[in-house]
Amino acid sequence: MIQQFICVIPLIAALANAETPLLGKYRQESLPQFMKHRDGVCSLYEPAELTTAPKANVWAQISPEDNVAVWNLLHDPVSGLNLTDPDVAKVNDNYVWYIDTVHVNKSDALPYIDGSGQKPLSWARVIIFEGGKTEPVSQEYMVGPLPVTSETTIQKLDYLYNGGSGGSIPFNGRFFDRKRVEASEPLLISIMSNITDITSSLLGGVYYGSADPRSTLTSTNTNPTSFDGSQAFQVIMFRFPGSATYLRPLDFFVHLDTTGTDASLYKLKGIITNTRFFPTVADLRAAFEAGELSEEFYQPADYDWALVKYNAEMGTRQLEDQFAPQNLELGGKRYKTDPEQKYVEYMGWSFYVAHTRTLGVMLYDIRFKGERILYELSMQEAAAQYGGFQPKAATTLYHDTYYQLGADLFPLTDAGFPLSRHRAGSGTNVYGFENLGVVKASLLTLRSIATVGNYDYLFDYGFHVDGSLEITVRASGYLQSSFYFRDQGAWGPRIHEATQGSLHDHVLTWKADFDILGTENSLQVTELKTVNTTQPWWPELGEFEQIALESHDVKTESQHNWADNGQTMYAVNHANKTNKWGAPRGYRIVPGKSNIRLSTLNSPFSRRNTALSKAHLTVTRQHDTEPWGNSVQNLNMPWKPQQDFDKFLDGESVEGEDLVVWMNLGMHHFTRSEDIPVTLYSEAVSSIMFAPQNFFDQAQDGDLKNRRWYTVPETASNGTQATLVSESYGIKLPQCGLTLQEPTIAPIGQL
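Cut-off values and rules
- Residues numbered from 1 in each chain as written.
- Predicted model: local features only at pLDDT ≥ 70, side-chain atom pairs only at ≥ 80, totals over all residues.
- Heavy atoms only, no water.
- Core = buried A, V, L, I, M, F, W, Y, C linked by side-chain atoms within 4.5 Å.
- Buried < 20%, exposed > 50% of the residue type's maximum accessible area, 1.4 Å probe, protein only.
- Helix = DSSP H or I, 4+ residues; strand = E, 2+ residues; numbered from the N terminus.
- Contact = heavy atoms within 4.5 Å.
- Pairing = 2+ DSSP bridges.
- Axes fitted to C-alpha atoms, helices over the stretch in contact; angles between N-to-C directions.
- Expected span 1.5 Å × (residues − 1).
- Arc of directions from axis to C-beta.

Sorry, what's going on with the nonpolar core here?
Nonpolar side chains in soluble globular proteins tend to end up buried together. Membership of the largest hydrophobic core comes to 85 residues, with the highest contact counts inside it found for Leu363, Leu377, Phe463, Trp510, Phe514, Ile589 and Phe690. Per element, the largest residue contribution to this core is seven residues, and it comes from strand E17 (residues 371-386). For Leu363, the contacting residues outside a window of four places in its chain are Phe351, Tyr352, Val353, Tyr375, Glu376, Leu377, Leu446, Tyr461 and Phe463. Membership of the second largest hydrophobic core comes to 27 residues, among which are Ile191, Phe238, Leu256 and Tyr266.

Can you walk me through the sheet that holds strand E8 (residues 218-221) in this structure?
One key point about sheets: their strands pair by backbone hydrogen bonds, in either a parallel or an antiparallel sense. One open sheet holds the five strands; their spatial order is E8-E9-E10-E11-E12, and the pairing between them is antiparallel. Taken across any chain shown, the strands that pair with only one partner, and hence form the sheet edges, are E8 and strand E12 (276-278). Along the sheet, successive strands turn relative to each other by an average axial angle of 25°, direction set aside.

Could you clarify how one ought to interpret the sheet that holds strand E26 (residues 494-496) in this entry?
In space, the three strands of this open sheet follow the order E25-E27-E26, with antiparallel pairing throughout. Of all the strands in the sheet, just strand E25 (481-483) and E26 have a single pairing partner and so form its edges. The sheet shows a mean angle of 45° between the axes of neighbouring strands, direction not considered. Sheet topology places E26 next to strand E27 (residues 499-501); two bridges connect them, and they run antiparallel. Bridging from a neighbouring strand, Arg494 pairs with Gln500 of E27.

How should I be thinking about helix H4 (residues 64-75) in this particular structure?
The terminal C-alpha atoms of H4, which comprises twelve residues, lie 17 Å apart, in line with the 16 Å expected from a rise of 1.5 Å per residue. Along H4, the residues that are buried comprise Asp66, Val70 and Leu74. Projected down its long axis, H4 carries its buried residues within an arc of 75°, all on one side. Every exposed residue of H4 that faces more than 90 degrees away from the buried side is listed here: Pro64 and Glu65. The elements touched by buried residues of H4 are strand E3 (94-101), strand E4 (122-130), strand E5 (137-146) and strand E6 (153-156).

Following this line, the structure appears as structure tokens:
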């Protein structure tokens, strides 16, 4: 599952290429001029109207210039870090692996964005693999303040982690990068090159090394590669190469002990094939020569069946030769952007966008009609755990932040349903109603697509015009599959000639730092229960059952799971402020499609490093020292994680406090033959929504003019039928031709 990093196209560069027209009657009055300038063609690709952010984006990623300056400072001999260029470094050298941005403390950001406080300083976050030390480690540093001056310092970044060793990870538990693969490759080659007769017979291929042209097999590792950093191992599976390699697994695994930086001490732990374990090559050869090893199924030589292209053998559907429907912004863009500050305004919403190579898109200072709803909304982890009776499937746990979630960003608007509608019936006219009102829905969708190895995640943040905010995640791409055995149906079905779809969970965790009208918030739990009651107007019924509500505020940090039948509501309310009707002002957390948690709660591979994935919802007190629920290097430390999410739950009060809600989305991937060639976005989807819950005095659709109001006057005394009256509030349908453009794909260097 090697990261295929897609460089980021800054969100605002995508959003800024559009123009926001005037609204209401002024928009309609300007329509003739709008059409004139465009020669009667709807201009779908005009830039958005610009705006100016109220404050600088203090959460933004450090600039490319600062990144280079930090790199140069670290490599200056004066730094004392004794760094080697990564291009030539070995595992026993010190080299930079990672430069990103240090999370800004909320306690520093709020005084600035809400008042006249000082703008927080910017710092770089650096991970250095220190294999050249007597006790080799991976160590995080913070470098700042930026830009680099004589005042800039290099300090260990320890305060953000609670695992006991700060920003330090033992060498054996660090990221298993290409340098470590290269260090173990000679051992793997020595094993595989001596059994080419066996692999040719069983698998139909040989392996002499990843760079050797004689190799007809490719290798892949599993994760994690350690339990607590005191040891390191590799479970290597072989597959046929090519772009569909994930769907062409083979029944052959090599288990290596790769502890430490001295590759001469690496050794074979065993070989697995035919679901048998062989401690040595000699044991494997003895079984092979005794005729005990064979394969019932074989992978086909071609992989055209696994490519995402038109399959002529399936024929053509009627009318499929016509262009499919599209969402189009015919009236022009209705959002404004500040490209420099990555700030967006849309129909009452405003927010800042940030991005890190680990977490992808992060949203800050999210407000609706000027009132803050959320201080931060960010994805924290995308975990996937597999099951099976084969070494890779049984072992595999992925943390996709470990591979970094680079993203391409695209904006969309429009929703395919009315926001609100009501038809007052009982009319005696030919229309059958007295009045009918319909309000057009629309939403701004902020989209990012992250390709992480075999999977393509699609993340949507939907900003609805009624004040609701929706998160949707979809998954597509190639399955990580297993070799097919007839007796292993408990872990997935056969999906091709020799391929089993491996059963697994996807669990994606979001952090929602709610600031409902301030930081004094509470999490209210409202349960819908059945109660037995008596009522004096029904004496003949005696006691009977009906539904009723019971509510309470969560007192301390705790974990929760969605109730059966959806009979529990969670809402984050301001501790004291109420609406006009006396109800606490808040936002409800509404589960949508497939809100799951990790199925395995005690697996040795996800014991403590994936704690944030094991409940549907967790509430904790906000702390600057707890910005992330996981660590980018937690994956290989399941028994002794660098960041232990369970330690966030230390009994603190969350009543009337600055609280954070951590929520899990995802899907249990019940694999199927329809996952060939790739999993479909339409089915692999999960969502959640934050919706106003008594935050306002009424629904937020009354001020929207994109609506129609129909009334039918009473029939005249002479029996003449009245004519339907329609009110459009000055919003008419644009009349223009369309000129669509094909999407363009630019080389990475041009992004």
